[in-house]
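Observations on chain architecture
These are the residues of each chain, in order.
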Amino acid sequence: MKDIQPNLFPQLSSERPLIIAGPCSAETRDQVLSTARDLKANGVKVFRAGIWKPRTKPGGFEGIGSEGIPWMCEVRKETGMLIGTEVANRAHVEEALDAGFDMLWLGARTSANPFAVQEIADTLAAAKADVTVLVKNPVNPDLELWIGALQRIYNAGIRKLGAIHRGFSTYGKHLYRNMPEWHIPIELRLRYPNLPIICDPSHIGGKRELIAPLSQQAMDMGFDGLIVETHCNPDCAWSDAAQQITPEILNFILGTLVIRNSKQTTESLTLLRQKIDGIDNELLEILAKRMGVSREIGRYKREHRMSVVQAGRYNDVIRSRVKLGEEMGMSSDFLRTVLLAIHDESVRQQIEVINDRNRI
């Protein structure tokens, strides 16, 4: 995917960030047009609204369907905004292309299904479509599956191609509706530096009060834009009311965003980066020493026929280390992730020692 077009919408300014906004669902003509007019007045140039809405369970509002397409076309005619919607199958793509939509996106459930993605790709290829296509990350944290969906669309001839990071589903109650797992889009950026990546703070947060901090975090991490669910009366929205904001609130959030200079020279960081490199080397040496001690423990456990994993000891270590690390200014989630990885490698080292003896 080397010749992806970095600017998703050539007719717009390439200044970062690109803002895509509009309601989760197109509900009525008045709702669509009212929201679009307010967004246009605030300088937003790309309008989004769901025409077809896949829901987790039956019985919810699944979109107005084809009835909403003329409303979107009216938005473009009246305001001059570009328009986009989600597609999940061949019929959706054909209807959207026939209506002249400027942008299509694949939702998280669709991108997790290679059969559905290929059907959409085949439809785009058959139409020789020249349209912007964005691919949301799949619901599960699987980078290869996300890349596979992007490659299928790319192979259909789409070059105005981008990714949407909307977070990943998880079980239980958390601060976020979908966990950000920021390292996954970062890895995607490392593999495909020219691929535009848009952040969806609405779906990551699931609550309107989280949209501002998530948007700022996305800008700090170099994302190319935001896609934000915006509704003229969000409390009365027919779907995902809790994560939608008004055009006025969106305008306020955008006005407070700090946009970092991604083209700033990094020469002044050389010394600091050299320090980081040195510290990393020290960390590796310390970890190697720790694993050496783990192997000694493995030999002791082997001779005394002890089990490798001592659950009580492990839990005590985690609790004490996490508390100590928090006092040093690090997050508990980060500390647990690091300590668990170290513990897993220590166990592997001990098992290796035991197996070496068993083979003798």
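Read on for an overview of the structure. None of the values given here were measured: they were computed from a predicted structure.

What to know about the overall build of the protein chain
Within the protein chain, the secondary structure is distributed over 13 helices and 8 strands. On the principal axes, the C-alpha backbone points of the protein chain span a range of 80 × 45 × 40 Å. Here the protein chain holds 360 residues, and the buried ones make up 43% of them. Total accessible area on the protein chain is roughly 19000 Å²; 54% of this is exposed by carbon and sulfur atoms. One finds the centroid of the 45 positive side-chain charges in the protein chain at a distance of 5 Å from the centroid of its 44 negative side-chain charges.

Quick look at the packing of helix α5 (residues 114-126) against helix α6 (residues 143-155)
At a closest axis distance of 8 Å, the pairing of α5 and α6 adopts a crossing angle of 20°. Regarding the angle of α5 to α6, the classification is roughly parallel. Seen along the crossing, α5 lies across α6 with a hand that is right-handed. Across the interface between the two elements, P114, V117, Q118, I120, A121 and L124 of α5 pack against L145, A149, R152 and I153 of α6. Taken together, the residues of the contact of α5 with α6 sort by class into 8 nonpolar, 1 polar and 1 charged.

Regarding the sheet that holds strand β2 (residues 46-48)
Strand order around the closed barrel formed by 8 strands is β1-β2-β3-β4-β5-β6-β7-β8, with parallel pairing between neighbours. The average undirected angle you get between the axes of adjacent strands in this sheet is 30°. Pairing geometry for strand β4 (residues 103-106) and strand β5 (residues 132-136), over 4 bridges, is parallel. Paired with L104 across the strands is V133, a residue of β5. Packed onto the sheet, helix α9 (residues 211-220) meets β7 (197-199) and β8 (225-229) and runs at close to 165° relative to β8.

Here's the deal with the pairing of strand β1 (residues 18-22)
One face of the sheet, then the other: side chains in a regular strand alternate in exactly this way. Most of β1 sits inside the fold, with 5 of its 5 residues counted as buried. Relative to β8, β1 runs parallel, the two being bridged by 5 bridges. Its bridge partner lying in β8, L18 is registered against G225. Note: β1 against β2, 2 bridges, orientation parallel. Directly across from I20, in β2, lies its bridge partner V46. Since β1 and β2 lie parallel, the crossover through helix α1 (residues 29-41) that links them has a hand, and here it is right-handed.

Looking at the environment of T85
Among the structural elements, T85 can be located in strand β3 (residues 82-87). Owing to a relative accessible area of 0%, T85 belongs among the buried residues under this scheme. C-alpha separation for the pair T85 and I164, spaced 79 residues apart in sequence, amounts to 13 Å. With sequence-adjacent residues up to four places away left out, T85 is seen in contact with A49, G50, I51, W52, F101, M103, L104 and W105. Of note is the side chain of T85, whose polar atom sits 2.7 Å from the backbone oxygen of A49.

What counts and what doesn't
- Residues numbered from 1 in each chain as written.
- Predicted model: local features only at pLDDT ≥ 70, side-chain atom pairs only at ≥ 80, totals over all residues.
- Heavy atoms only, no water.
- Helix = DSSP H or I, 4+ residues; strand = E, 2+ residues; numbered from the N terminus.
- Buried < 20%, exposed > 50% of the residue type's maximum accessible area, 1.4 Å probe, protein only.
- Areas by Shrake-Rupley, 256 points an atom, 1.4 Å probe, with all protein chains shown as cover.
- Lys, Arg positive; Asp, Glu negative; His and termini not counted.
- Charge placed at Lys NZ, Arg CZ, Asp CG, Glu CD.
- Axes fitted to C-alpha atoms, helices over the stretch in contact; angles between N-to-C directions.
- Parallel < 35°, antiparallel > 145°, perpendicular 65-115°, else oblique.
- Left-handed = near helix turned anticlockwise from the far one by under 90°.
- Contact = heavy atoms within 4.5 Å.
- Nonpolar A, V, L, I, M, F, W, Y, C, P; charged D, E, K, R; others polar.
- Pairing = 2+ DSSP bridges.
- Right-handed = clockwise from strand over helix to strand, strands pointing away.
- Polar contact = N/O pair within 3.5 Å; in protein donor to acceptor, adjacent residues only side chain to side chain.

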